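# Tertiary structure, described
Residue strings, one per chain:
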Amino acid sequence: MGETRLAPRVAGLRPTAVNQVLREVKQVQSAGGDLVSLMRGQPDTPTPSHIVEAAHQALRAGRTGYPDNQGEPGLRRAIAERLALDHGLEYDPNQEILVTDGATLGLSTALAALIEPGDEVLVPDPIYDAYESPIRLWGGRSVAVPSSVQQGRFCFRRDALERCYRPSVRIVLLNTPWNPVGTVLTRDELQDILDFAEAHDLFVLSDEIYEKLVYDGRTHLSPAALSTEARRRCIVVNSLSKTYAMTGWRVGYCAGSAEVIAAMGLVLQQSSRGPATFVQDAAEAALRSAQSCVQRMAEEYQARRGLVLERLRDIPGVEALTPEGGLFVMVDVRRLGRSSDEVRQYLLHEAGVVVIHGAAYGAGGEGTLRVSFAAGGETLERGLDRLRNGLLRLAEAGEREAVE
Ligand SMILES: Cc1ncc(COP(=O)(O)O)c(C=O)c1O
């Protein structure tokens, strides 16, 4: 065979920040380096045992054939009931719910169904970096909506959206609770965004995967729940990955109008038959059973968040922002006088701790580090010791340079 000719669209795709940093991590480890990772949004708690048992039972019952491509009817009903119970949102499980292989495929499927080449998607900056490539894959372009830190939290308002608007924009993409910055968008903020979407007749693609990981008594509000008009405009994307510590099970769902869900179903069946049937049964059990395990996990994460904030206190030039939700603390390191990637690399090579540089999440993330508290226990303790020591050394080096 001659030279491999790949489709030009591949050139526009990027590995996720986590995969990129993982490559470096493997190099350091294969050279004998000892690293502690505070990088991934990978809950370290096991999937609750009643969910695992439901999968076992389903397997024993022979639930191993092809699933319904829209999602097993029982799971779709359980999703609709949970959306009604948690958010007062009424969706018809027969027409308005689609089960997907995690939120990842849900997002890609929604984008495929909604945008055509040349269309643009407004995306807050900084944000989860894995939105960018699927937007490109389907011929779209993302437009970064700048956010700013106000009273210790990243936020943006309608004026920022208006400044980015042009007629080629079709979608506003939201993530609340918002990875990596930890903001839980308020009713007021969401209403502002929905008013903007309505004024320009845009879809709102709402990734709510961290909905249950909210702290200090906050509650997550789905933009779709604001009004009938909002529900019509929103495609809710969610998954069981974080809520039930099921990242490897690959099961998620989307809810939207019958027309959009039918289009997404058509797209989805070109690349997937859906999560394994027994996994869908386990997901149904997760959604239907008592939610005390979810509550316990949120409490554990809130305690871990507290530990991160405490350990990063009193480091010159470093300020940790308190996240309202999610699994990450953003740490402002601008005053260390180095780029976020330089700080990350120093921490990786000189302090033995892995975090992600904020710039990986967009220009608005420059000057910050994303520290995950998805891992707890000894990993978090050791990782935070290394992080604190590494940042202290950088701060001291910065002071010396300033004097010289
Ligand atoms: C904001 C956000 N959306 C989606 C995903 C991927 O979710 P899933 O495991 O359901 O594919 C992640 C994973 O970290 C995430 O942080």
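Not measured: the values here are computed from a predicted model. (Residues numbered from 1 in each chain as written. Predicted model: local features only at pLDDT ≥ 70, side-chain atom pairs only at ≥ 80, totals over all residues.)

### Details of the nonpolar core
With 121 residues, the main nonpolar core has A110, V172, C254, A282 and V355 as its most contacted residues. Structurally, this core is a two-domain feature, drawing no fewer than three residues from each of domain 1 (8-46 + 292-403) and domain 2 (49-288). When near neighbours in sequence (up to four residues on either side) are disregarded, A282 contacts I51, A54, A55 and A58. (Core = buried A, V, L, I, M, F, W, Y, C linked by C-beta atoms within 7 Å. Buried ≥ 20, exposed ≤ 12 C-beta atoms within 10 Å, placed from the backbone. Domains from an automatic or database assignment. Contact = placed C-beta atoms within 7 Å.)

### Examining the domain arrangement of the protein
Examined at the domain level, the protein breaks down into domain 1 (8-46 + 292-403) and domain 2 (49-288). Between domain 1 and domain 2, the contact holds 34 residues from the first and 36 residues from the second. Looking at the side of domain 1 that touches domain 2, the elements that each hand over two or more residues are α11 (292-311) and β12 (328-332). A per-element tally of the side of domain 1 that touches domain 2 places α11 first, with 6 residues. Among the residues forming the side of domain 1 that touches domain 2, the class breakdown is 16 nonpolar, 13 polar and 5 charged. (Helix = DSSP H or I, 4+ residues; strand = E, 2+ residues; numbered from the N terminus. Nonpolar A, V, L, I, M, F, W, Y, C, P; charged D, E, K, R; others polar.)

### Things to note about the sheet that holds strand β9 (residues 234-239)
Hydrogen bonding along the main chain pairs the strands of a sheet, whether they run parallel or antiparallel. A sheet is described by the order of its strands in space; here 7 strands give the open sequence β2-β10-β9-β8-β7-β3-β4, paired in mixed fashion. Pairing within the sheet leaves two strands with one partner each, and these edge strands are β2 (97-100) and β4 (141-146). The average angle at which neighbouring strand axes cross in this sheet is 25 degrees, direction not considered. The pairing of strand β3 (residues 120-125) with β4 spans 6 bridges and is parallel. (Pairing = 2+ DSSP bridges. Axes fitted to C-alpha atoms, helices over the stretch in contact; angles between N-to-C directions.)

### Things to note about unusual backbone geometry
Of note, the amide linkage connecting D125 to P126 takes the cis form, showing an omega dihedral of 5 degrees. Relative to the elements of secondary structure, P126 occurs in the loop between β3 and α5 (132-137). That bond from T176 to P177 is cis: its omega, -15 degrees, falls within 30 degrees of zero. The topology assignment puts P177 in the loop between β7 (169-175) and α7 (187-199). Unusually for a residue other than glycine, D216 sits at a positive phi of about 60 degrees. What makes D216 exposed here is the crowd of 10 C-beta atoms within 10 Å.

### Describing the sheet that holds strand β15 (residues 368-372)
Judged by pairing direction, the sheet is antiparallel, and its 4 strands sit side by side in the order β11-β12-β15-β14 without closing on themselves. At either end of the open sheet lies a strand with only one pairing partner, and these are β11 (319-320) and β14 (356-357). Two strands pair when backbone bridges link them, and β11 and β12 are joined in this way by 2 bridges, in the antiparallel orientation. Paired with E319 across the two strands is D332, which belongs to β12. Sheet strands in contact with α11 are β11, β12 and β15, and its direction is about 15 degrees off that of β12.

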